[in-house]
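# Structural characterization, general
What follows is the residue order along each chain.
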Protein chains: 2
Amino acid sequence: MPRVAILGTGLIGTSIGLRLHSHGRTSDLSVVGWDRNPDHAREARERGAIAETAASVEEAVAGAWLVVLAAPVLALRSLLEDVGAEAAAGRIAANAVVTDTGSTKADVMRWATETLPASVSFVGGHPMAGKTEPGPAAADGALFEGARWVLVPSRSAPGGAVETVTSLINTMGAEAMFMDAEEHDAYVAAVSHLPLAAAVALFTLVRESEAWPEMSMLASSGFLGATRLAQSDTSMAYDIFATNREQVAHWLERYGDEIARFRERLLDDEGGEALFRALGEANLDYARLASGDVGRDAWTESPRDIPSMSAFDLLLGGALSDKMREWRQGQEESRERGSRRRR
Amino acid sequence: MPRVAILGTGLIGTSIGLRLHSHGRTSDLSVVGWDRNPDHAREARERGAIAETAASVEEAVAGAWLVVLAAPVLALRSLLEDVGAEAAAGRIAANAVVTDTGSTKADVMRWATETLPASVSFVGGHPMAGKTEPGPAAADGALFEGARWVLVPSRSAPGGAVETVTSLINTMGAEAMFMDAEEHDAYVAAVSHLPLAAAVALFTLVRESEAWPEMSMLASSGFLGATRLAQSDTSMAYDIFATNREQVAHWLERYGDEIARFRERLLDDEGGEALFRALGEANLDYARLASGDVGRDAWTESPRDIPSMSAFDLLLGGALSDKMREWRQGQEESRERGSRRRR
């Protein structure tokens, strides 16, 4: 039977194995797993995600037809070196396909070019799904269902290799999305890595306050939800930042500017309407995203682009004028109070 | 039967009514509700949260023994004026108690002092629970279970009034926590209002990117979770910022500094260890908070305060040295590549 090697049986690798098993693919595929932590490989086997555990990378990839690298990004470099050495020595199947699930793609694609011989093909991958709990215990065969899965074929990858990985992705219940490594890293810097950095910074700032013991008693689902990414696996998070530094730094700078803009609007006595509009637009657009409006069709030629009759004005026109009245009353009242105090 | 008036039958007011009903309190209390939006009052009655709807504030509070104001903060001012006028005219019960559920407390306490006659007592309140879906349809009698509920008695409130509101809070399944209005507003600025502002700013920034149509396709649970507060009810969110401006502005400034600090560490070639530690500490401390470690007992004299043997070093010492090795290899490799390119 064709042999599939999963290197790294944490959350992602074990979820892939579970899905292969639950979707009947293990009747025509032999799935072997390896993990740097032998307990994780054993747990993946006990959960049925892999049929056998390997004691080493060499043993895992021997004769493999498909190799899935499911480890934090910085660990992929030495895994690719090891797989490359086995391939060069002819110990993995001719025309084998290697893919990965790393969170950044530019460095990984370069490492693959540097380390893998021409006898194997590399198709980089990144499933846009996950959770903060790490390890095989948190794995779930349905983790990728309905998710997008970015694929970045190397320049030399033949069509057959791309088809092999696409078929794996489809078995996972995910939808393949092709782009180049630089595009991928720029986009995920904004929608994945910036939110991670923002959550860590927000949690750290409030946690380090002297009043944290009291504040922690008032922190509820809002705080826990907004900072939940701070619980991301430390090694995975570190590797993301180490391999996408410039892009993340760019977005952190823009985010700092956006925070400053929010603050200015808040302190501006005339900023009430702009603040209300910003809150209302974020509310409506979040609801659209959460309901599944994604891609170019959904977000171009939307009512927002017609200045004379925006979705926001249609929906919240009445609420806006009510609120501006309340706000003005409050402003006048404060001014009166201020002048009374000065007298 | 003693009459309870709920003014505002949205998410919070309707949840309070549902809980009174499900916990058998409506056999000895008569609960009447009013909402600016008559559909919301009707829906609250249909769900069993209130026994009758009132056509006006005056009608709702007539003869009331307890008045619960459950509206966005800026709307509380005119509600307090209306309730004050009815109390002054002797149309609500002598020694009636008025409480509220507003997200900020300093302005509300001042308005209560200005508008309510001595014949009624005011005990400000703020349940530390909620969800982003507004309105009576989203209400849930279990919403407050296990939550803390801040109480801010006015200076003139007698012990009996405080007991009445504490008993209401206990019926909700919540735990009363007493503090003054300024303390409350300072603490929630950090754990509630800052996360709200940060989520709106993060969502707005990424949403306004030209690449949003593509990015939206890659946004997954991480982005949706980190920005979920952007879907907060617009009116409630606006009122929070309008009535806690200086405190929120203070935290936004500190957050901007924290974001800048994260960015500097990211770009610093020697910053790897500090970054890894920051990620690891946030991970561990988030887990502690999520598991319910709150208050002074939990967060003072923790292992973090013993520099020579921190919880982090104990737990992640091995991971840290592994990671620093990977990081240094990457750094050396980049330098070699750089010097090869320069040659």
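The structure presented is a predicted model; accordingly, all values stated were derived computationally and were not measured.

Note on placement: S216 of chain B falls in helix α8 (residues 212–218). In contact with S216 of chain B, other than residues within four places in its own chain, are L289, V294, G295 and W299 of chain A.

Contact residues are listed per partner, giving 108 residues for chain B and 108 residues for chain A. A combined buried area of about 10200 Å² lies between chain B and chain A, and 67% of that area is made up of carbon and sulfur atoms. On the surface where chain B and chain A come into contact, there are 8 salt bridges. Here chain B and chain A share 29 residue pairs in polar contact (both at pLDDT 80 or more) between them. Per-element accounting of the side of chain B that touches chain A gives the leading share, 17 residues, to helix α7 (residues 181–207) of chain B.

The transformation that overlays chain B on chain A combines an axial shift of 0.0 Å with a rotation of 180 degrees, and the residual RMSD is 0.0 Å. The transformation relating the two chain copies, once decomposed into turn and shift, fits a two-fold axis. Judged by C-alpha distance, A226 of chain B is the residue of chain B that lies nearest the rotation axis, at 2.2 Å. A share of 100% of interface residues in chain B that are also interface residues in chain A marks the association as one of identical surfaces.

For the rest of this paragraph, the subject is the pairing of strand β2 (residues 30–34) of chain A. Residue and element names in this part refer to chain A. Judged by how many residues are buried, β2 sits mostly within the fold: 5 of 5 residues are covered. Direction of pairing for strand β1 (residues 3–7) relative to β2: parallel, over a ladder of 5 bridges. In the strand pairing of β2, I6 is matched with G33. In this region the chain leaves β1, passes through helix α1 (residues 11–22) and returns to the parallel neighbour β2; the handedness of that crossover is right-handed. Sheet analysis places β2 next to strand β3 (residues 52–53), joined by 2 bridges and oriented parallel. When the bridges of β3 are listed, G33 appears paired with T53. As a crossover connection, the stretch from β2 through helix α2 (residues 38–46) into β3 is right-handed.

What counts and what doesn't
Residues numbered from 1 in each chain as written. Chains lettered and ligands numbered in written order. Predicted model: local features only at pLDDT ≥ 70, side-chain atom pairs only at ≥ 80, totals over all residues. Heavy atoms only, no water. Helix = DSSP H or I, 4+ residues; strand = E, 2+ residues; numbered from the N terminus. Contact = heavy atoms within 4.5 Å. Buried area = accessible area lost by both parts, 1.4 Å probe. Salt bridge = Lys/Arg side-chain N within 4 Å of Asp/Glu carboxyl O. Polar contact = N/O pair within 3.5 Å; in protein donor to acceptor, adjacent residues only side chain to side chain. Least-squares fit on C-alpha atoms with pLDDT ≥ 70 in both. Buried < 20%, exposed > 50% of the residue type's maximum accessible area, 1.4 Å probe, protein only. Pairing = 2+ DSSP bridges. Right-handed = clockwise from strand over helix to strand, strands pointing away.

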